[in-house]
Amino acid sequence: MTDSKSDVLFEVLLDSAARLSFDPRLESIYEPGLNDGRLHGMTPEWSPLFGTRTWGGMSEDQRIRLTRCEVAQFLGVGIWLEVGLQVALLRRSHSSDPAQCDVKFLFNECADENLHSLMFANAIESIGSHFYPRGRLLNILGLLFRSFAWEEVAYGIVLAGEEIFDVMQRDWMASENVTSTIRRTSYVHVVEESRHMAFARRKMRDRLAGTSKMRRSVSSMVIAIGMHVIARSLINRRVYEDLGLDWESVRRDIDANEHHRMMFRKAAEPFIEFLNKEGLLHWGARWVYRKSNLL
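What you see is a predicted model, and the numbers here were worked out from it, not measured in a lab.

(A) Quick peek at the layout of surface pockets. There is about 350 Å³ of room inside the largest pocket. Looking at the lining of the largest pocket, the elements that each hand over two or more residues are helix H3 (60-92), helix H5 (136-148), helix H6 (151-173) and helix H8 (213-233). A total of 6 residues in the lining of the largest pocket trace back to one element, the largest contributor, which is H5. Grouping the amino acids of the lining of the largest pocket by side-chain chemistry returns 14 nonpolar, 3 polar and 1 charged.

So, in structure tokens, the structure goes:
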């Protein structure tokens with residue numbers, strides 16, 4: 001159940017979706033620029049290897065290939081999150097009144113998310129990379145999330161992923177060192193996800209209003225664990241092995257890379273601030289976020 005203030009917000013978001021939406025099926029989004037062959041897949045500073053010994057030993061062509069493979073992994077995780085979001089939330093809204101403002105916006109959001117997943121898949125192909133399979137554990141955790149996450153947890157975990165990608169992609173879309181396909185798709189995603197994040201924050205506040213301290217504490221911990229999984233999933237050993245790099249050396253470099261930790265903390269900062277404001281950042285959650293290099 002939503003209040004009148006929430007209904008007004010959902011109506012505004014629906015109006016925004018009608019006025020400012022994109023069709024990522026258009027081929028023009030993926031057309032390469034004149035110098036795209038010499039451009040990175042994402043801002044190099046977002047590479048977990050940036051500034052490490054491994055990075056220093058690579059040629060510029062190898063670094064370009066690396067960032068294209070890494071952004072393919074990041075976008076693959078984005079697809080995984082967006083599909084999981086739809087299954088989790090539609091399952092819980094299956095019997096809801098479709099005339100409610102929040103349900104109507106959820107329908108619109110799922111339409112957007114499907115197109116975002118298609119857009120990411122096309123972008124990965126456009127930059128000459130490919131999708132990297134997830135590990136079995138991540139697939140099992142995804143199944144548990146889709147099947148059992150209650151509402152504020154579902155919105156919280158997805159909001160975590162959206163916030164991280166929002167910070168990254170705002171940087172990518174503004175960088176002249178990034179291929180035009182990634183810059184365009186990042187812009188589309190940033191614009192449309194701003195509505196989705198506003199929706200998720202409002203839904204979380206509505207659901208948490210009046211809940212017990214115990215439920216809030218449990219939800220806080222589960223969201224933290226979910227964000228830990230998302231952060232860890234962005235680094236996939238298959239990416240580096242595919243490039244002929246020694247995984248053990250890469251892993252040691254990433255683990256010791258303070259720049260990488262700083263960039264991840266930067267990406268998580270808006271979400272951590274939101275959690276703190278909403279009372280979802282107790283000591284246990286803080287411990288998990290520190291272990292994830294997000295706090």
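(B) Looking closely at the nonpolar core. Counting residues in each nonpolar core, the largest one holds 82 residues, and the members touching the most others are Trp172, Phe271 and Tyr289. Looking at this core, the element that brings in the most residues is H3, giving 13 residues. Look past the residues within four positions of Trp172 in its chain and what remains in contact with it is Met42, Thr43, Trp46, Val71, Phe74, Leu75, Val178, Ile182, Arg183 and Ser186.

(C) Structural view of the packing of aromatic side chains. All told, the structure shown has 7 aromatic pairs when counted by the stated rule. On the numbers, 5.8 Å between centres and 75 degrees between planes, the contact of Phe22 with Tyr187 is edge-to-face. Highlighted residues: Phe22 in the loop between helix H1 (4-19) and helix H2 (53-56) and Tyr187 in helix H7 (residues 180-208), separated in sequence by 165 residues. Residue classification places Tyr187 among the partly exposed positions, given a relative accessible area of 41%. Look at Tyr155 and Phe199: their rings are 5.7 Å apart centre to centre, the planes differ by 80 degrees, and that puts the pair in the edge-to-face class. Highlighted residues: Tyr155 in helix H6 and Phe199 in helix H7, separated in sequence by 44 residues.

Each value, and the rule that gives it
- Residues numbered from 1 in each chain as written.
- Predicted model: local features only at pLDDT ≥ 70, side-chain atom pairs only at ≥ 80, totals over all residues.
- Heavy atoms only, no water.
- 1 Å grid on protein atoms, 1.4 Å probe; cavity = no way out; pocket = protein on both sides within 12 Å on 5 of 7 lines; lining within 4 Å.
- Points joined across faces, edges and corners; volume = space filled by probe spheres on them.
- Helix = DSSP H or I, 4+ residues; strand = E, 2+ residues; numbered from the N terminus.
- Nonpolar A, V, L, I, M, F, W, Y, C, P; charged D, E, K, R; others polar.
- Core = buried A, V, L, I, M, F, W, Y, C linked by side-chain atoms within 4.5 Å.
- Buried < 20%, exposed > 50% of the residue type's maximum accessible area, 1.4 Å probe, protein only.
- Contact = heavy atoms within 4.5 Å.
- Phe/Tyr/Trp six-rings, centres within 6.5 Å; stacked < 30°, edge-to-face > 60°.

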